Amino acid sequence: MRRTVGILVFDDVEVLDFAGPFEVFAVTDSLNDQALFQTTTMAENAGTVRARNGLKVVPEHTLESVPRLDVLVVPGGFGTRPLLRRPALLEWIRQSARRAEVVVSICTGSLVLGAAGLLEGLGATTHHRAFAELRAAAPTARVEEGRRFVDNGAVVTAAGISAGIDVSLHLVARLAGREVARRTADYMEYRWLDDAGGDRSESTPT
């Protein structure tokens, strides 16, 4: 089954938070005859999104036009804070998460999941400078400092920025097999770390 991966983008989104997962899922698909993951981007409104440090991105879909998602990715960045005050967006995330196989946050995307009520009673992590904000956004969550990512099954949260690559490879391994994920990491020349910090890649350190 080819799963649809949707990555939310918004003004001031951290670039690697969305580009890292996009690369992992898209490369995995291309290495496997376009049979595993269809990766797309979406935003609240049509038009250009200005990511962190001025990068301009044109998402493929709006929230209304995006197809049903199997994997929902909510990245972080300073642009997450305004999202916490957008009830319609939070409701869309709640509804999409109910239909999806898994929802994953990168960095301070976890604040958005917390505001949407998706982290209640769960373990969670975020960027190391945002632990206090995560506790405020998700008071019943168990904030697990020092974890690269925390997998609760249907809800997965990752630490800051580059951790989005590790958690995406973890999800590829979970959904498509560890050998598939290893080949993706090797193609990307990336040393893949699991949530405990262990090396899952066969690449030789430089």
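Use the structure listed above.
As a starting point, this report considers the structure included with it. (Residues numbered from 1 in each chain as written. Predicted model: local features only at pLDDT ≥ 70, side-chain atom pairs only at ≥ 80, totals over all residues. Heavy atoms only, no water.)

## A word on the sheet that holds strand 11 (residues 155–158)
Part 1: Read across the open sheet, the 7 strands follow the order 5-2-1-6-7-11-10; overall the sheet is mixed. Two strands close off the open sheet at either side, each with one partner strand: strand 5 (61–62) and strand 10 (149–151).
Part 2: Sheet analysis places strand 2 (residues 37–43) next to strand 5, joined by 2 bridges and oriented parallel. Looking at the pairing, Ala-43 lines up with Thr-62 of strand 5.
Part 3: Those strands touched by helix 3 (residues 87–99) are strand 1 (3–8), strand 2, strand 6 (71–74) and strand 7 (102–105), and its axis lies near 145 degrees from that of strand 6. (Pairing = 2+ DSSP bridges. Helix = DSSP H or I, 4+ residues; strand = E, 2+ residues; numbered from the N terminus. Contact = heavy atoms within 4.5 Å. Axes fitted to C-alpha atoms, helices over the stretch in contact; angles between N-to-C directions.)

## What to know about the environment of Glu-120
Part 1: Positionally, Glu-120 belongs in the loop between helix 4 (109–115) and strand 8 (123–124).
Part 2: For the pair Glu-120 and Ala-138, spaced 18 residues apart in sequence, the C-alpha separation works out to 6.6 Å.

## Some points on the nonpolar core
Part 1: With 64 residues, the main nonpolar core has Trp-92 and Ile-93 as its most contacted residues.
Part 2: Looking at which element gives the most residues to this core, the answer is helix 6 (residues 163–176), with 8 residues.
Part 3: Trp-92 has contacts with Met-42, Leu-63, Val-66, Leu-69 and Leu-72, leaving out every residue within four places of it along the chain. (Core = buried A, V, L, I, M, F, W, Y, C linked by side-chain atoms within 4.5 Å. Buried < 20%, exposed > 50% of the residue type's maximum accessible area, 1.4 Å probe, protein only.)

## Some words on the pairing of strand 1
The side chains of a regular strand alternate between the sheet's two faces.
Part 1: Among the 6 residues that make up strand 1, 6 are buried, leaving the element largely enclosed by the rest of the structure.
Part 2: Of the two faces of strand 1, the one lined by Arg-3, Val-5 and Ile-7 and the one lined by Thr-4, Gly-6 and Leu-8 are each fully buried.
Part 3: Across 6 bridges, strand 1 lies against strand 2 in parallel orientation. For Val-5, the partnering residue across the bridge sits in strand 2 and is Thr-39.
Part 4: Between the parallel elements strand 1 and strand 2, the chain passes through helix 1 (residues 15–31) in a crossover that is right-handed.
Part 5: Where strand 1 lies against strand 6, 3 bridges are found, and the strand directions are parallel. Residue pairing in the sheet places Val-5 in a bridge with Val-71 of strand 6. (Right-handed = clockwise from strand over helix to strand, strands pointing away.)

## What to know about the packing of helix 1 against helix 6
Part 1: Interaxial distance between helix 1 and helix 6 falls to 8 Å at its minimum, and their mutual angle equals 30 degrees. Taken together, the axis directions place helix 1 and helix 6 in an arrangement best described as roughly parallel. Like other packed secondary-structure pairs, helix 1 and helix 6 cross with a definite hand, here right-handed. Counted together, Leu-16, Gly-20, Pro-21, Val-24, Phe-25 and Thr-28 of helix 1 and Gly-164, Ile-165, Ser-168, Leu-169, Leu-171 and Val-172 of helix 6 form the full contact between these two elements.
Part 2: Residues that form the contact of helix 1 with helix 6 fall into these classes: 8 nonpolar, 4 polar and no charged. (Parallel < 35°, antiparallel > 145°, perpendicular 65-115°, else oblique. Left-handed = near helix turned anticlockwise from the far one by under 90°. Nonpolar A, V, L, I, M, F, W, Y, C, P; charged D, E, K, R; others polar.)

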